[in-house]
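Listed below, chain by chain, are the residues.
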Amino acid sequence: MKVGIVCPYDWSVPGGVQAHIHDLALELMSRGYEVNVLAPTSGDDVLPSWVTSGGKPLALSYNGSVARITFSVRAAARVRRWISAHKFDVLHVHEPLSPSLSALACWAARGPVVGTFHSSMDRSRVLAAGYGLAQTALENIVGRIAVSELARTTVVEHVGGDPVLIPNGVHVNTLARVQPMGGSRKAQQICFLGRFEEPRKGFSILLEAFRTIADEFPQATLVVAGPGNPESVLDKDDDAQRITFLGRVSDSDKAAMLAASEIYVAPNTGGESFGIVLLEAMACHTPVIASNLAAFNRVLDYGQAGLSFENENAEDLARALRELLSNEAQRNTLSEVGFARVQKFDWGRVAGDIINVYETVTAMSGPVEEDLRGQIVGRLARES
């Protein structure tokens, strides 16, 4: 089967959607599928042979963050040529509601189209993104997937349809074998991953909490991976010996950092529909503390697989850090429970569910979504 996958966001900039598409493509190719990904590209890095550039992106504010997307007449022509050249058996479009290559691909598609929805947003944001245009793009989608319950709710309540729920995936066994950065796990090392200058990532909350507990735990350190200028977030009183900024890191170094840390903190304040990095930390046997966003609560199985703190409350985060830093037995328990929890999100299982959707839509004709959903759900239930 020939599968075309459309990524709406800049392939050169790390992000959850890009990581999802990257890992799905590799998993499909390992199973013998012929895959080509179309994505905007801003970097000068050499692209993998299975990625086609969709042109240079522009940075736009979208869903509480900055989205680097491509949407123009020239891009539309490029999408049509790509689809015509490859003659895909199925086209898999991610974030079809975004004004990007994804919407353009929906309009240009001539065969079966599967759409995956990652984001959760309120109706005002959907409308601001161009509700009418979005609806026309959705008309060609015959198979709909949501990676989380929040993303599914966005589709159900704001644009119609009822997607099948297939979560994000992680390569559990690969992450479990990663060697910690520096050779071993560092006692009382806390880590953060993300664009720390972006307010909704919540780094300022973590930094305030770390300052609060610093005197109580003089051996505690904070390691930060992600793009940005450290001087924009640090005060002159911060101990540079205890806060390390790694900058943008490779996927392998990201995993090594997680494996080397005793605690991973996700202090995000909103705009998250899933939380893939929580799963990555859990696969590395690293205990997780996360803000009590609905998406994070679901990933952590409502407190069974990690600790939560009140969103945007640095004092409550400091409380959670004290609890874990001072209790090795609790850290070990969360490590074990988290690793057991992450097994259901392994790409071996997740990709199989997506392939079931591909096979269902290619065997059907016409946009008969309700029948399609019944067939997909029934098939997934039988094979789970």
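The rules behind each value
Residue numbers run consecutively from 1 along every chain, following the written order of its sequence. Reporting in this predicted model follows two pLDDT cut-offs: at least 70 for local features of residues, and 80 or more for side-chain atom pairs to be given and counted; totals over whole chains, interfaces and linings ignore these cut-offs and use all residues. Each side-chain value is derived from all of the structure's non-hydrogen atoms; neither hydrogens nor water enter the calculation. Strands here mean DSSP runs of E at least two residues long; helices mean DSSP runs of H or I at least four residues long; both are numbered from the N terminus. The cut-offs for exposure are 20% and 50% of the maximum accessible area for each residue type, with area from a 1.4 Å probe on protein chains only; residues under the lower value are buried, those over the upper are exposed, and the others partly exposed. Here a residue-residue contact requires only that any non-hydrogen atoms of the pair lie within 4.5 Å. In these tables, accessible area is a Shrake-Rupley quantity obtained with a 1.4 Å probe, and a residue counts as shielded only by the protein chains included in the view. Strand pairing is assigned whenever DSSP detects at least two bridges linking the two strands. We call a crossover right-handed when, viewed with both strands directed away from the observer, the connection leading from the first strand over the helix to the second proceeds clockwise. To obtain each axis, a line is fitted to C-alpha atoms, and for helices this fit is confined to the stretch in contact; angles are then taken between N-to-C directions over 0 to 180 degrees. Geometric relationships in this document are graded by angle, where less than 35 degrees denotes roughly parallel, more than 145 denotes roughly antiparallel, 65 to 115 denotes roughly perpendicular, and other angles denote oblique. Classification used: nonpolar for Ala, Val, Leu, Ile, Met, Phe, Trp, Tyr, Cys and Pro, charged for Asp, Glu, Lys and Arg, polar for all others including Gly. We call a pair of cysteine sulfur atoms a disulfide whenever their separation is within 2.5 Å. The pLDDT value expresses, per residue, how confident the predictor is, ranging between 0 and 100. Centres within 6.5 Å are what make two rings of Phe, Tyr or Trp a pair, Trp counting through its six-membered ring; a difference in plane orientation under 30 degrees is then read as stacked, over 60 as edge-to-face, and the rest as tilted.

*Asks:* Before we go on, may I ask you to explain the overall build of the chain in this structure?
*Replies:* Each helix and strand counted, the chain has 15 helices and 15 strands in total. Burial statistics for the chain: of 384 residues in total, 54% are counted as buried. Within the chain, residue pairs in contact and separated by at least 24 positions form 68% of the contacts whose partners lie at least 6 positions apart. As displayed, the chain offers around 16,300 Å² of accessible surface, 49% of which is attributable to carbon and sulfur atoms.

*Asks:* Whenever I open this one, the pairing of strand β6 (residues 90-94) confuses me. Can you help?
*Replies:* Both faces of the sheet carry side chains from a regular strand, because those side chains alternate between them. For β6, the tally of buried residues reaches 5 of 5 residues, placing the bulk of the element in the interior. Covered by surrounding structure in β6 are Val90, His92 and His94 together with Leu91 and Val93, the residues of both alternating faces. Strand direction decides the pairing type here: strand β1 (residues 2-6) and β6, joined by 4 bridges, are parallel. In the strand pairing of β6, Val3 is matched with Val90. Bridge analysis of β6 against strand β7 (residues 113-117) gives 4 bridges, and the strand direction is parallel. Each bridged residue has a counterpart across the sheet, and for His92 the counterpart in β7 is Val114. One crossover worth recording links β6 to the parallel β7 by way of helix α3 (residues 101-108), and it is right-handed.

*Asks:* Would you mind going over the packing of helix α1 (residues 16-30) against helix α14 (residues 347-362) with me for this structure?
*Replies:* In a packed pair of helices, the relevant descriptors are the angle between the two axes and the axis-to-axis distance. Look at α1 against α14: their axes get within 10 Å of each other, and the N-to-C directions meet at 80°. On the basis of their axis angle, the class for α1 and α14 is roughly perpendicular. Every residue of α14 that contacts α1 at His20, Asp23, Leu24, Glu27 and Leu28 is listed here: Trp347, Gly348, Ala351, Ile354, Ile355 and Tyr358. Taken together, the residues of the contact of α1 with α14 sort by class into 7 nonpolar, 2 polar and 2 charged.

*Asks:* What exactly am I supposed to notice about the sheet that holds strand β10 (residues 189-193) here?
*Replies:* Neighbouring strands of a sheet are bound in pairs by backbone hydrogen bonds; such pairs are parallel or else antiparallel. In space, the 6 strands of this open sheet follow the order β12-β11-β10-β13-β14-β15, with parallel pairing throughout. Edge positions in the sheet fall to β12 (243-247) and β15 (307-309), since each of these pairs with one other strand and no more. The average undirected angle you get between the axes of adjacent strands in this sheet is 20°. As paired elements, strand β13 (residues 263-266) and strand β14 (residues 288-291) share 3 bridges and run parallel to each other. Among the inter-strand pairings, Tyr264 is bridged to a residue of β14, identified as Val288. Taken strand by strand, helix α9 (residues 251-260) contacts β10, β11 (221-225), β12 and β13, and its axis lies near 150° from that of β10.

*Asks:* What's the story with the state of the cysteines in this structure? I'm lost.
*Replies:* Defined simply, a disulfide is a covalent bond joining two cysteines at their sulfur atoms. Under the defined criterion, the tally for this structure stands at 0 disulfides. Note on Cys284: no disulfide assigned, nearest cysteine sulfur contributed by Cys191 at a separation of 9.1 Å. Residue classification places Cys284 among the buried positions, given a relative accessible area of 4%.

*Asks:* For this particular structure, what's the right way to read the pairing of β11?
*Replies:* Counting buried residues in β11 gives 4 out of 5 residues, a clear majority hidden from the surface. The sheet contact formed by β10 and β11 spans 5 bridges and is parallel. Across the sheet, residue Leu193 finds its bridge partner in β11, namely Ala225. Between β10 and its parallel partner β11, the chain crosses via helix α8 (residues 203-213), and the hand of that crossover is right-handed. Summarising the sheet, β11 and β12 pair through 4 bridges and their orientation is parallel. Each residue of the ladder has a partner; that of Val223, found in β12, is Thr244.

*Asks:* I tried to follow the confidence of the model for the chain on my own but got confused; where do I start?
*Replies:* For any part of a model where pLDDT is low, the fine detail of the predicted coordinates should not be relied upon. Summing up the model confidence of the chain, the mean pLDDT is 89 and the portion of residues at 70 or higher is 90%. Taken together, the stretch residues 366-370 has pLDDT below 50 and engages in 6 contacts with residues farther than four places along the chain or on a different chain. Contacts from residues 379-384, a stretch scored under 50 in pLDDT, to residues over four places away or in other chains number 9 contacts.

*Asks:* Just checking my understanding: could you explain the sheet that holds β6 for this structure?
*Replies:* Taken in spatial order, the 7 strands make up an open sheet running β3-β2-β1-β6-β7-β8-β9, and their pairing is parallel. Edge positions in the sheet fall to β3 (51-53) and β9 (164-165), since each of these pairs with one other strand and no more. Direction of pairing for β7 relative to strand β8 (residues 143-146): parallel, over a ladder of 4 bridges. Considered in β8, the bridge of Phe117 is made with Ala146. Sheet strands touched by helix α2 (residues 73-86): β1, β2 (34-39), β3 and β6. Its angle to β2, the strand with the most contacts, is close to 175°. Lying on the sheet, α3 is in contact with β1, β2 and β6; it crosses β6 at an angle near 150°.

*Asks:* How should I be thinking about the packing of aromatic side chains in this particular structure?
*Replies:* Considering all chains together, one arrives at 8 aromatic pairs under this definition. Ring centres of Trp11 and Trp50 lie 6.1 Å apart, and the angle between their planes is 90°; this geometry places the pair in the edge-to-face category. Within this pair, whereas Trp11 is found in the loop between β1 and α1, its partner Trp50 is found in the loop between β2 and β3, the two being separated by 39 residues in sequence. Residue class for Trp11 comes out buried when judged on its relative accessible area of 15%. With relative accessibility at 12%, the residue Trp50 sits in the buried group. Through a chain of ring-to-ring contacts, the aromatic side chains of Phe192, Phe196, Phe203 and Phe245 assemble into a single cluster.

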